[in-house]
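# An overview of the molecular structure
Below are the chains, spelled out letter by letter.
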Amino acid sequence: LLLGLLYVFVCSLDILSSAFQLVGGKAAGDIFQDNAVLSNPVAGLVIGVLVTVLVQSSSTSSSIVVSMVSSGLLEVKSAVPIIMGANIGTSVTNTIVAVMQAGDRNEFRRAFAGATVHDFFNWLSVLVLLPLEVASGYLYRLTKLIIDSFNIQTGADAPDLLKVITEPLTKNIIELDTSVIRDIATGDPAARNKSLIKIWCKTKKVTSRPHLSLSSGTHMFVYANLPDLAVGLILLALSLLALCTCLILIVKLLNSMLKGQVAVVIKKVLNTDFPFPFAWVTGYIAILVGAGMTFIVQSSSVFTSAITPLVGIGVISLERAYPLTLGSNIGTTTTALLAALASPGETLANSLQISLCHFFFNISGILLWYPIPFTRIPIRLAKALGNRTAKYRWFAALYLILCFFLFPLLVLGLSIAGWQVLVGVGVPVLVFVIFVIIVNIMQKRCPRFLPSFLRSWNFLPKPLHSFKPWDKVVTASMTFCRTRCCCCCKCCKEKERDEEKDDMKTKDKSLEMYDNPALTIEDEAKVTATHL
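Everything quoted here is computed from the prediction, not taken from an experiment.

What counts and what doesn't
- Residues numbered from 1 in each chain as written.
- Predicted model: local features only at pLDDT ≥ 70, side-chain atom pairs only at ≥ 80, totals over all residues.
- Heavy atoms only, no water.
- Helix = DSSP H or I, 4+ residues; strand = E, 2+ residues; numbered from the N terminus.
- Buried < 20%, exposed > 50% of the residue type's maximum accessible area, 1.4 Å probe, protein only.
- Contact = heavy atoms within 4.5 Å.
- Polar contact = N/O pair within 3.5 Å; in protein donor to acceptor, adjacent residues only side chain to side chain.
- Core = buried A, V, L, I, M, F, W, Y, C linked by side-chain atoms within 4.5 Å.
- pLDDT = per-residue confidence, 0-100.
- Axes fitted to C-alpha atoms, helices over the stretch in contact; angles between N-to-C directions.
- Parallel < 35°, antiparallel > 145°, perpendicular 65-115°, else oblique.
- Nonpolar A, V, L, I, M, F, W, Y, C, P; charged D, E, K, R; others polar.
- Left-handed = near helix turned anticlockwise from the far one by under 90°.
- Patch = residues over 30% accessible without salt bridge, like charges linked within 9 Å, V, L, I, M, F, W, Y side chains within 5 Å.
- Areas by Shrake-Rupley, 256 points an atom, 1.4 Å probe, with all protein chains shown as cover.
- Salt bridge = Lys/Arg side-chain N within 4 Å of Asp/Glu carboxyl O.
- Lys, Arg positive; Asp, Glu negative; His and termini not counted.
- Charge placed at Lys NZ, Arg CZ, Asp CG, Glu CD.
- Disulfide = S-S within 2.5 Å.
- Phe/Tyr/Trp six-rings, centres within 6.5 Å; stacked < 30°, edge-to-face > 60°.
- Lys NZ or Arg CZ within 6 Å of the ring centre and 35° of its normal.

### Notes on the overall build of the protein
Within the protein one finds 23 helices and two strands. When each of the 532 residues of the protein is scored for burial, the buried share is 45%. At a minimum sequence separation of 6, the contacts of the protein that also span at least 24 residues come to 74%.

### A look at the side chain of T325
Within the secondary structure, T325 sits in helix 15 (residues 318-341). One polar contact links the side chain of T325 to the main-chain carbonyl oxygen of A321, over a distance of 2.8 Å. Dropping the residues within four chain positions of it, T325 is found in contact with V117, H118, T304 and I307.

### Concerning the nonpolar core
If you look at the biggest cluster of nonpolar residues, it comprises 119 residues, and the most contacted ones within it are F9, F32, M84, I174 and F404. A total of 13 residues in this core trace back to one element, the largest contributor, which is helix 7 (residues 105-136). Every residue in contact with F32, bar those within four places of it in the chain, is listed here: L38, I47, V51, S61, I64, V65, M68, I82 and A185.

### A few points about the confidence of the model for the protein
Per-residue confidence for the protein gives a mean pLDDT of 78, with 81% of residues at or over 70. Helix 23 (residues 521-531) is the least confidently modelled element of the protein, averaging 43 in pLDDT, while helix 7 averages 92, the highest of any element. Segment residues 209-215: pLDDT under 50, and 14 contacts once partners within four positions in sequence are set aside and those in other chains are kept. Low pLDDT, under 50, characterises residues 485-493; the stretch is placed with six contacts to residues that sit more than four places away or in other chains.

### Here we look at the packing of helix 17 (residues 377-391) against helix 18 (residues 394-417)
Close contact between helix 17 and helix 18 brings their axes to 6 Å; oriented N to C, the two are set at 125°. In terms of orientation, helix 17 lies oblique with respect to helix 18. Of helix 18, the residues touching helix 17 (which contributes L385, R388 and T389) are F395, A396 and Y399. Taken together, the residues of the contact of helix 17 with helix 18 break down into four nonpolar, one polar and one charged.

### So, the packing of helix 6 (residues 92-99) against helix 18
Describing two packed helices takes the angle between their axes plus the distance from one axis to the other. Relative orientation of the contacting elements helix 6 and helix 18 amounts to 165°, with a least axis distance of 10 Å. When the axis of helix 6 is compared with that of helix 18, the two are roughly antiparallel. You can see that helix 6 and helix 18 cross each other, and the crossing is left-handed. Of the residues in helix 18, those touching helix 6 at V92, T95, I96 and V99 are A396, Y399, L400 and F404. Of the residues assigned to the contact of helix 6 with helix 18, the class counts are seven nonpolar, one polar and no charged.

### With respect to a positive patch on the surface
On the surface, R380, R388, K391, K444, R445, K462, K468 and K472 cluster together into a positively charged patch. Elements with a contribution of two residues or more to the positive patch: helix 17, helix 19 (419-445) and helix 20 (468-478). Per-element tally for the positive patch: the top contributor is helix 17, with three residues. Within the element layout of this structure, R445 appears in helix 19.

### A short note on the pattern of salt bridges
Evaluation of the coordinates by the stated rule reveals two salt bridges. Here K144 and D148 are joined by a salt bridge, their closest N and O atoms 3.7 Å apart. Taken as a pair, K144 and D148 lie in helix 8 (residues 138-149) at a separation of four residues, close to a single helical turn. For K383, the salt bridge is made with E319, and the minimal N-O distance between the two is 2.9 Å. Here K383 is found in helix 17, whereas its partner E319 is found in helix 15, with 64 residues between them in sequence. Given a relative accessible area of 37%, E319 falls into the partly exposed group.

### A short note on the state of the cysteines
Evaluated as defined, the whole model comprises zero disulfides. Note on C11: no disulfide assigned, nearest cysteine sulfur contributed by C246 at a separation of 9.2 Å. Classification of C11 as buried rests on a relative accessible area of 3%.

### Some remarks on the environment of P323
For P323, the location among the structural elements is in helix 15. Counting along the chain gives 205 residues from P323 to H118, while the straight-line C-alpha distance between them is 9.9 Å. Not counting residues within four places of it along the chain, the set of residues in contact with P323 comprises G283, A286, I287 and Y370.

### Here's the deal with helix 6
A large share of helix 6 lies buried, amounting to seven of its eight residues. Within helix 6, burial applies to V92, T93, N94, T95, I96, V97 and A98.

### Comments concerning the packing of aromatic side chains
Within a pair of aromatic rings, the relevant descriptors are the distance that separates the centres and the angle that separates the planes. For the structure shown, the criterion picks out 15 aromatic pairs. Between the aromatic rings of Y392 and W394, the centroid separation amounts to 6.2 Å while the plane-to-plane angle is 50°, which identifies the pairing as tilted. Taken as a pair, Y392 and W394 share a single burial class, namely buried. One Lys or Arg, R376, reaches over the ring of Y370 and ends 4.1 Å from the middle of that ring. Over the ring of F374 we find R380, and its NZ or CZ is 5.8 Å from the ring centre.

Structural data, given as structure tokens:
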């Protein structure tokens with residue numbers, strides 16, 4: 001049953017990607033057309049994020065970039081920030097999967113932290129490496145040196161191991177022609193009127209008349225006379241429903257399976273480090289496992305979305321999920337490298353250089369945020385965000401919309417207005433954010449060095465330093481009880497009291513936040529007893 005649910009889960013992720021391409025694919029192609037904006041590295045970054053979120057696939061957005069570079073519409077140097085943005089955009093899928101686990105507060109805390117550790121790693125890597133790339137062009141220079149040093153020949157394509165299993169189902173639901181998006185991006189006017197849905201999927205020779213060939217489509221929407229947007233919205237609703245149902249059933253199934261001795265054994269195998277002198281090796285092996293598994297399934301989104309529920313139920317710890325996620329980032333670039341090696345002679349050098357930029361960007365990010373335990377900031381940030389979203393569950397949806405839609409759109413709008421506007425608005429906002437972060441750290445670590453009024457944010461109106469007033473507004477608008485009864489009704493007061501008790505418990509038991517009690521103390525005691 002678990003294998004069957006995993007199969008439907010992976011297929012629904014594939015259909016979700018197709019649905020997003022149908023809804024936003026042509027818009028993604030249009031976004032890539034403004035070459036003046038693409039020359040701005042910050043605009044390139046947010047375009048990479050937006051396009052990857054729209055098509056739900058970093059490999060699709062990367063292939064569009066390769067096509068543009070090969071046709072001379074874009075330089076490789078300008079393509080590097082877009083690839084960085086694609087790396088960020090691909091992490092939206094597992095964040096959506098984590099939001100679907102919002103039923104249980106502690107499970108949601110762990111799952112959301114496990115998903116957003118990928119987001120934080122990507123955003124922090126970009127914050128450091130994008131200015132470095134703009135100033136020195138180190139990724140461009142390094143990859144150019146590698147391409148010039150080796151006489152690289154066209155090779156075989158990467159093996160599609162997962163598609164062999166999923167295609168029998170997905171190709172009967174929908175088949176897309178993604179070359180239409182590439183044609184729009186490269187400025188082909190005829191592509192604008194084409195449909196993304198493949199109508200003619202197979203070609204058969206007519207035996208009686210060899211010069212004739214008949215074509216026929218096999219998927220559900222071949223004869224449905226519907227526009228791309230309508231088909232996309234239908235598939236989006238169906239795939240999200242299938243994804244959500246599978247996820248709930250997988251979590252319930254794993255919770256029922258992973259009890260007692262089985263849970264303790266699995267948890268120990270996955271989360272235990274090697275003995276003392278070699279404890280540091282464990283994380284690097286996890287990175288290799290993540291890279292290998294992603295190479296097998298040919299998609300980082302599928303791999304990270306599959307481990308998110310496991311982090312949610314507490315089988316994989318956040319500290320172990322982090323290196324697995326970093327490994328999946330490397331795994332997805334190796335598949336892109338193999339795909340680049342299979343490209344024709346005229347596009348080989350460009351596509352390989354872009355794939356190498358993607359690869360070295362992820363390697364640089366790992367060197368920044370993994371080897372020294374102190375630098376593993378994404379884990380601490382993900383835990384803090386997990387706590388916040390567990391307390392105010394609506395914040396998860398706000399985070400998704402802000403990080404992957406509104407913020408990139410705002411930056412893109414400022415970039416279109418001109419770099420003077422971008423700098424004029426962006427620099428003061430950035431200085432203000434850095435000031436707030438420094439003050440927050442000093443309030444916790446060394447408040448004595450701050451002026452008396454800055455030792456807390458209480459001098460500001462409550463909505464500016466607390467989510468509680470916003471929570472009341474959101475709860476009042478969403479909860480039937482709040483809209484139909486008065487605010488002082490008994491059930492609301494009881495609910496508030498229960499939530500306050502929960503908050504007090506989580507404050508007292510900070511260790512339990514990221515550990516599932518059902519998988520630890522009692523069961524370990526049972527195992528000890530059986531061994532004795």
